[in-house]
Every structure is written in C-alpha cells, then in structure tokens.
Amino acid sequence: QVQLVQSGGGLVQTGGSLRLSCAASGRTFKTHCVAWFRPAPGEEREFVSAISWSGLRTFYIDSVKDRFTISRNDTSNTVFLQMDGLNAEDTAVYYCAAKPDDYTDYDRILPYNVWGQGTQVTVSS
C-alpha cells in the first residue's frame, strides 16, 4: 500500500510562489495517477491538478492554468505542485491523492484510494 506524506505550503503574499511536495513511501507509485485537491464552497474537495503515471499528461482546473505546474520525479517517488502567481482564492488546505491506474476520471474524488495528510496554503494581501 502506498502512503503519501506532504510537505511545503505556508504563508505567502499575493503574487508569491510556493511548492508543495507529495512523497510516496511503502511502495513506489510509478503506476499511479497523482492529483491535488482542495476544499471549495459547496464541495468536499475540488480537483486542482493531476498527472498521469507516465508524467506525459497533466490536467488543471481553469483557475490555476498558467499559474500552477504539476510534475513528478519517480526516482524520488515525489510529485510536486509549483504554485506561482498565488492569490487569496488559492488559500486552502491542499491534499495529494493517488490511484493505481492511469488518468481516467482524474478529476473525481472516489477513484483515489490513498490520500496525504493535507498542507495549509495561505495567501495574504
């Protein structure tokens, strides 16, 4: 069973940058699609971004396109979310998640069976 440990996050001013990390332990997640979610009004968690197991396909919600970049390093078993141009609407607890197949239904919560502990991102004006 893969276990996910998150790091990164913190407090940053509007327009600043942060990088979140999601490290797998216990087992490699080379064959896992990995995504990031955050809470949103009216939703338990909102899809933010995902990366296929190969790393060749990436997905983003419209509100973070051109500002966030997801990537993975399978040597270190880590997925990263580089967040640039942050604004107050990005303030949230961010969760990484993994599912043991490719990117089908990448933006749905239920297929993901492993979750990180969450990390707080706060953007101040």
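Residues numbered from 1 in each chain as written. Predicted model: local features only at pLDDT ≥ 70, side-chain atom pairs only at ≥ 80, totals over all residues. Heavy atoms only, no water.

A. Broad picture of the pattern of salt bridges. A full pass over the atoms with the stated rule returns 7 salt bridges. E46 is the salt-bridge partner of R38, the closest N and O atoms lying 2.9 Å from each other. Residues K99 and D101 are paired through a salt bridge, measuring 2.7 Å at the closest nitrogen-oxygen approach. Classification of D101 by relative accessible area gives partly exposed; the value is 39%. Residues joined in a network through salt bridges with shared partners are R38, E46, R67 and D90. (Salt bridge = Lys/Arg side-chain N within 4 Å of Asp/Glu carboxyl O. Buried < 20%, exposed > 50% of the residue type's maximum accessible area, 1.4 Å probe, protein only.)

B. Representation of the state of the cysteines in the model. Under the criterion given, the structure shown has 1 disulfide. Two residues, C22 and C96, share a disulfide whose sulfurs are 2.1 Å apart. The chirality of the disulfide connecting C22 with C96 is right-handed, given an S-S dihedral of about 70°. Of this pair, C22 sits in strand β3 (residues 18-25) while C96 sits in strand β9 (residues 92-99), and the two are 74 residues apart along the sequence. C22 sits in the buried class, given a relative accessible area of 0%. (Disulfide = S-S within 2.5 Å. Helix = DSSP H or I, 4+ residues; strand = E, 2+ residues; numbered from the N terminus.)

C. Layout of the pairing of strand β5 (residues 43-51). Note: strand β4 (residues 33-40) against β5, 6 bridges, orientation antiparallel. From the neighbouring strand, A35 faces β5, where its bridge partner is A50. Hairpin connection from β4 to β5: 2 residues lie between these consecutive antiparallel strands, with G42 at a positive phi of about 80°. In the sheet, β5 pairs with strand β6 (residues 58-60) via 3 bridges, with the strands oriented antiparallel. (Pairing = 2+ DSSP bridges.)

D. Fine view of unusual backbone geometry. Unlike most non-glycine residues, D66 shows phi in positive territory, near 75°. Relative to the elements of secondary structure, D66 occurs in the loop between β6 and β7 (68-73). D66 sits in the exposed class, given a relative accessible area of 82%. In this model, N77 sits at a positive phi of 55°, which is unusual for a non-glycine residue. Summarising the element assignment, N77 is placed in the loop between β7 and β8 (78-83). Given a relative accessible area of 15%, N77 falls into the buried group.

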